[in-house]
Amino acid sequence: TDESVTQTVDLDAFRMNMMSLNISPFDESVSSLFGELDLLLVKNDDSDYYVPDYNVNQIGTFDPREGYKVFLNGAGEQTMSVDGLPVLPGSLTWT
């Protein structure tokens, strides 16, 4: 489908949040996807990290086949919103 959607993800403070998206974001850069959050780090399934305060970005681009662990700065819950196209069953190649 060509109809865009917005997916929101609620993230908790003081814990490693496991998350993924069922959309293909319009902007797949990790720095853009997580840029609205006050976060400490993001880790993918390959043990690559995104740590914005230290300009570390080993992940680069978001992969909808991966799970991500997100640890926030601060004591409050945060919500991220991502715009993109739905990932349809069978549309991804698994390696």
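Preceding block: the structure.
The shown structure was predicted, so the numbers you read here are calculated from the model rather than taken from an experiment.

Looking at the pattern of salt bridges
Applying the stated criterion across every chain, the model contains one salt bridge. In this structure, the salt-bridge partner of Arg-65 is Asp-63, at a minimum N-O distance of 3.0 Å. For Arg-65, a relative accessible area of 34% corresponds to the partly exposed category.

Things to note about the environment of Asp-46
If you trace the backbone, Asp-46 turns up in the loop between strand S4 (39-44) and strand S5 (49-51). Asp-46 gets classed as exposed once you look at its relative accessible area, which sits at 53%. The sequence separation of Asp-46 and Ile-59 amounts to 13 residues, and the corresponding C-alpha distance is 8.9 Å.

Brief notes about unusual backbone geometry
One can expect most non-glycine residues to show negative phi and most peptide bonds to be in trans. A positive phi angle, near 65°, is found at Ser-47, a position not held by glycine. In this fold, Ser-47 is placed in the loop between S4 and S5. Exposure remark for Ser-47: the relative accessible area of 42% places this residue in the partly exposed category. Within the chain, Asn-55 stands out as a residue other than glycine whose phi angle is a positive 55°. Within the secondary structure, Asn-55 sits in the loop between S5 and strand S6 (56-57). Look at Asn-55 and you get exposed, because its relative accessible area is 74%.

Parameters at a glance
- Residues numbered from 1 in each chain as written.
- Predicted model: local features only at pLDDT ≥ 70, side-chain atom pairs only at ≥ 80, totals over all residues.
- Heavy atoms only, no water.
- Salt bridge = Lys/Arg side-chain N within 4 Å of Asp/Glu carboxyl O.
- Buried < 20%, exposed > 50% of the residue type's maximum accessible area, 1.4 Å probe, protein only.
- Helix = DSSP H or I, 4+ residues; strand = E, 2+ residues; numbered from the N terminus.

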